[in-house]
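# Breakdown of the fold
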Amino acid sequence: MATLEQKSPNVLLQSLCCRITGKSEAEVAHQFQYAVRVVGSNYAPSIERDEFLVSEKIKKELLKQRREADAALFSELHRKLQTQGVLKHRWSVLYLLLSLSEDHLKPSSRVGNYGALFAHALPRDAHSTPFYFTRPQSLALCYGEKSGGLSASVGTSGISSLGVYTLNGPTPTPQSFLASQPPQSAVEVTQPLGSRLAWALPVSNSVPSAVAPPNTRPSPAPPAQTTRVVNRPRRDGDSEVSEAALVRDILYVFQGIDGKYIKMSAQENCYKMDTKVLLCKSKCDTSSRLAELGWLHNKVRKYADARSLDRAFGLVGQSFCASLHQELKEYYRLLSVLHSQLQVEDEQGVTVSTENSLTLRRLLVWMYDPKIRLKTLAALVEYCQGRKGGELASAVHAYGKTGDPQMRALIQHILSLVSHPIFNFLYRWIYDGELEDTYHEFFVASDPNVKTDRLWHDKYSLRKSMIPSFITMDQARKVLLIGKSINFLHQVCHNRTPPVKIKPPSNSADTPKEAAELLSDLEGTFQEKIDSAYFDTSKYLLDVLNRDYQLLDHLQAMRRYLLLGQGDFIRHLMDLLKPELVRPATTLYQHNLTGILETAVRATNAQFDNPEILKRLDVRLLEVSPGDTGWDVFSLDYHVDGPLATVFTRECMGHYLRVFNFLWRAKRMEYTLTDIWKGQMCNGKLLKTMPELSGVLHQCHILASEMVHFIHQMQYYITFEVLECSWDELWNKVQKAQDLDHIIAAHEVFLDTIISRCLLDNNTRLRAIFDQIIEFQNAQDSLYRTALEELALRLQFEEKKQQKEKEGQWGVTAAQEAEHKKRIEEFQETIPKMRSQFRILAHFYQSIVQQFLVLLMTSPDESLRFLSFRLDFNEHYRAREPRLRVSLGATRGRRLSNI
Amino acid sequence: MASAANVNNLNAVRETMDVLLEISRLLNTGLDMESLSICVRLCEQGINPEALSAVIKELRKASESLKASENTTN
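Note that the structure is predicted; figures quoted are calculated from it, not measured.

Right, let's talk about the overall build of chain A for a bit. Across its full length, chain A carries 40 helices and six strands. Nonlocal contacts in chain A, meaning residues at least 24 apart in sequence, comprise 73% of its contacts between residues at least 6 apart. Of the roughly 44600 Å² of accessible surface on chain A, a fraction of 55% belongs to carbon and sulfur atoms.

Looking now at the nonpolar core. Within soluble globular proteins, side chains that are nonpolar tend to cluster in buried spots. Counting residues in hydrophobic clusters, the biggest one holds 195 residues, and the most contacted among them are A:F254, A:F443 and A:F569. When neighbours within four sequence positions are excluded, A:F569 is seen to be in contact with A:Y561, A:L597, A:A600, A:V601, A:T604, A:A606, A:L617 and A:L636. Counting 47 residues, the second-largest nonpolar core is a separate cluster that includes A:I20, A:V38, A:L77 and B:I38.

This part covers the packing of helix 34 (residues 694–736) of chain A against helix 38 (residues 862–871) of chain A. Residue and element names in this part refer to chain A. As a packed pair, helix 34 and helix 38 sit with axes 10 Å apart at the nearest point and diverge in direction by 150°. Classed by the angle they form, the pair helix 34 and helix 38 counts as roughly antiparallel. Where helix 34 crosses over helix 38, the two elements pack in a sense that is right-handed. Counted together, H709, F710, Q713, M714, Y716, Y717 and E721 of helix 34 and S863, L864, L867, R870 and L871 of helix 38 form the full contact between these two elements. Looking at the contact of helix 34 with helix 38 residue by residue, the class counts come to seven nonpolar, three polar and two charged.

The subject of this paragraph is the pairing of strand 1 (residues 262–265) of chain A. Residues and elements named next belong to chain A. As paired elements, strand 1 and strand 2 (residues 270–273) share four bridges and run antiparallel to each other. Counterpart to I262 in the pairing with strand 2 is M273. Counting the residues that bridge the hairpin from strand 1 to strand 2 gives four residues, and of these N269 lies at a positive phi of roughly 55°.

This part takes up the environment of A:L53. All names here are of chain A. Mapped onto the secondary structure, L53 falls in helix 3 (residues 51–64). Judged by relative accessible area, L53 falls into the partly exposed class, the value being 40%. Taking C-alpha positions, L53 is 9.6 Å from Y95, a pair spaced 42 residues apart along the chain.

Further remarks concern the environment of A:V300. Residues and elements named next belong to chain A. Tracing the chain through its elements places V300 in helix 16 (residues 281–308). For the pair formed by V300 and T376, sequence separation is 76 residues and the distance between their alpha carbons is 10.0 Å. Setting aside chain neighbours within four positions, we find V300 in contact with L324, L328, L374, L377, A378 and V381.

Attention now moves to helix 3 of chain A. All names here are of chain A. Counted at 1.5 Å a residue, the expected span for helix 3 with its 14 residues is 20 Å, and the 20 Å between its end C-alpha atoms agrees. Taken together, the buried positions of helix 3 are E51, V54, S55, I58, E61 and L62. Buried residues of helix 3, seen end-on, are gathered within an arc of 115° and therefore sit on one face of the element. Exposed residues pointing more than 90 degrees away from the buried face of helix 3 are listed as F52 and K60. Remark: R66 follows helix 3 within two positions and exhibits a positive phi of approximately 65°.

Once that is clear, we can look at the interface of chain B and chain A. Each partner contributes residues to the interface: chain B has 50 residues there, and chain A has 59 residues. For the pairing of chain B and chain A, the buried interface totals around 5100 Å² over both sides, and the portion due to carbon and sulfur atoms is 72%. At the junction of chain B and chain A, the tally comes to zero salt bridges. Viewed at the interface, chain A and chain B are joined by three residue pairs in polar contact (both at pLDDT 80 or more). Where the side of chain B that touches chain A is concerned, the elements lending two or more residues are helix 1 (2–26), helix 2 (33–44) and helix 3 (49–73) of chain B. The biggest single contributor to the side of chain B that touches chain A is helix 3 of chain B, with 18 residues. Here the residues of the side of chain B that touches chain A are counted per class, giving 26 nonpolar, eleven polar and 13 charged.

Residues and elements named next belong to chain A. Within this structure, the stated rule accounts for 22 aromatic pairs over all chains. Here the aromatic rings of Y427 and Y431 are separated by 5.7 Å at their centres, their planes lie at 0°, and the arrangement is stacked. With Y427 and Y431 both in helix 22 (residues 405–432) and four residues apart, this pair spans about one turn of that helix. On the accessibility criterion, Y427 (6% relative accessible area) is buried.

What follows is about the state of the cysteines. On inspection of all chains with the given rule, the structure shows zero disulfides over all chains. No disulfide involves B:C39; its sulfur sits 6.6 Å from the nearest other cysteine sulfur, which is in B:C43.

With that settled, the discussion passes to the confidence of the model for chain A. Residue and element names in this part refer to chain A. On average, residues of chain A score 75 in pLDDT, and 77% of them reach the 70 mark or higher. Every residue in residues 1–5 is under pLDDT 50, and counting partners more than four places away or in other chains gives seven contacts. Confidence drops under pLDDT 50 across residues 888–899; counting only partners more than four residues distant or on other chains, this segment forms eight contacts.

Quick notes on the rules
- Residues numbered from 1 in each chain as written.
- Chains lettered and ligands numbered in written order.
- Predicted model: local features only at pLDDT ≥ 70, side-chain atom pairs only at ≥ 80, totals over all residues.
- Heavy atoms only, no water.
- Helix = DSSP H or I, 4+ residues; strand = E, 2+ residues; numbered from the N terminus.
- Contact = heavy atoms within 4.5 Å.
- Areas by Shrake-Rupley, 256 points an atom, 1.4 Å probe, with all protein chains shown as cover.
- Core = buried A, V, L, I, M, F, W, Y, C linked by side-chain atoms within 4.5 Å.
- Buried < 20%, exposed > 50% of the residue type's maximum accessible area, 1.4 Å probe, protein only.
- Axes fitted to C-alpha atoms, helices over the stretch in contact; angles between N-to-C directions.
- Parallel < 35°, antiparallel > 145°, perpendicular 65-115°, else oblique.
- Left-handed = near helix turned anticlockwise from the far one by under 90°.
- Nonpolar A, V, L, I, M, F, W, Y, C, P; charged D, E, K, R; others polar.
- Pairing = 2+ DSSP bridges.
- Expected span 1.5 Å × (residues − 1).
- Arc of directions from axis to C-beta.
- Buried area = accessible area lost by both parts, 1.4 Å probe.
- Salt bridge = Lys/Arg side-chain N within 4 Å of Asp/Glu carboxyl O.
- Polar contact = N/O pair within 3.5 Å; in protein donor to acceptor, adjacent residues only side chain to side chain.
- Phe/Tyr/Trp six-rings, centres within 6.5 Å; stacked < 30°, edge-to-face > 60°.
- Disulfide = S-S within 2.5 Å.
- pLDDT = per-residue confidence, 0-100.

Right, here's the structure in full:
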């Protein structure tokens, strides 16, 4: 055997040909070619590749021949075969043996009687022919087989075969039994016609297996049936099909196999009575009602079979298929009980049948419940078509909402199986943070392309369609958050120590049974589990963030540095930076500014801050556009990384920069105005000697105080009404936050409020006002410069005059005098020009402020309307701008109407 | 070691073949040891058993008819 191990199929086939025909290789060339062709064509590929099925079939075959001992022996051998495990294709070998056996069984059981049988059988050949038609291959076989087939058919077709048995049968059969049985049954079942044919009939109908001696009875059920089918109408001319035959037929139909009379009709997609069979209407009706079961069975079966091999269908789908198979198994069990009932009847003969036999009516009653079950299953299968994962569970769950307790139990059972994988996913996810969802069935989706820095925001999402309907949206969100928190801890915080409290309750939902228990108590235990896991995980995450990453400290640092909360530091920084920042932006160097920043930190209370925080503080220069000064590009920066970057995202930092820029600018205006005021105070006294300037100086003072008022009100508003209020809100929310999402949301709300209240959305007007202030400063500076220059010259002139007079000379020469006069005149001539310049400035400024006020009035935010009121406290602008009046009135009216 | 494993293997194979022969006898397939072992090997190579059984039946039929014709000529 070992030597032949590696031979090719062709060689093996050839030796097989030689062996069977007993000829040499050359002689069997023709047969060999045929064999290769048949094997090569691989015809009939659709045979069950299931060892179990094949072995069952063999057992059934043996049992059918009443060889129980052999069947037992076979199962013993089969078991042995399984344990050895040498063969890979056991089913294949078994199948081959089985298919070869079918032809050999009949002759082998009665080898000795060929001649006699043949002689007896020949005259009755006519009756048996239909049998050959149904199994044409046996006709083509050898003589021995032919006679075997004949004997079988003869045995079932007529009374004379009984004689054959008694005369020639190898096993002696009790004569009395054979003699008494047939007539008796004949009398009982049909009307005795008196003729030999007539009383032979019932025997052929139901007795064959009963009449035959147990061990030699060769005829299997199908031939018996066939002969019955064909013989019956022919013999007594009665076209009605017997009920027993119908019952047998229907039992086949139940399994989705076409019966003799009831067949699947392809175009109408239902089981239909063969039109050629004559049957009374009530029977016809009953059987078609029963046949519905077959259709339903087919539907469920088809779905389960098609899906169970489809791996992409996922675990939920697989368990759905498994539950369907379970139901089908129950159904098959029932069918096998019915079959065995039928068998018993066959054995006992028709005598007992009137009392206990299967009738269509009985079947109808018995099959009532299974039918409803199957109907539900079929409907379910129809509804679940094309769904998978959580969607499938939702679909099943939807069917559980029925009033029928039986159906509800059925659906509950299926649902517990179906939801089991989902609960497994869920527990893996909320306790380990692992997502083992190869087929995308779970309602949490993960995007593998997202890097860890965006893990919290983008990596995980909910698959809305996959949320089973028994899990609420709120629960699903919490589930998502729990797993996300765990993953965040692992991947971003690199914190692998599992939170102490969050130990998964031991083997939760390990069995479908527990899943069922969970399902029944969704509001209670399940919710509780989710809640506690959510609470613990989130709390742990926040603890880690606060303890290890000082989230709250950083939040406060943002407030202090980027939002100018640390007053002394900012003031000092601005003092130090002023000389640097007035230079053009292109001449600034980051390292110089960083040095200044450090100086400022060291000199102020900021030095006592956490070094961790100070380390992150940095200077940043924005992009330079031509003509920018240092003021335009300077910005403070705060570095965030790791878990902090999840709260302080890039967008958040962008917002912070914008707010910082705005606040910095506003601060600078305050400084500028202070400088302006200082100049006015210092120079006021000096310039008193030049009365011609008083007008223009007065103008300056008025404009400056207008600006001071505006900026002070703005600063007050920004500090107290915007920053402090929002900060307080944020702080409260952060303290109360239950999970990281709450903090992130609160933080975003905080930034949004600041930005909208600082009018950063449309800050062009405010920018223009600030620009006017700068321009005013420049104009005033140049005014003072020329004025002081002039003053210095005059003083010089006077001094010289006095000195000369002391020396006893003429104070001034005529030429000098003329020159002095001329210069004074020239200076005085410039004054109206300056005045007009300041007038224009003031006009511009006021018009911009007016527009700004109009903007504030129309803003939906109430605090901005209050700001407008405060800015225009003495109604100066309101008197000039009719729109302000109108809108104020309008808002008042609106408010009244609101009340 | 290798030879022992071989012997073991051989024993297992022989036992398997015995069991199969017994089953074959139970089922009256009419196969002798040699044809059976050929068939088993073919099956192990993944040949469709249905096709194989058809071939065997056909071969039997052919040899039967041959014999019959010989008988008649004789």
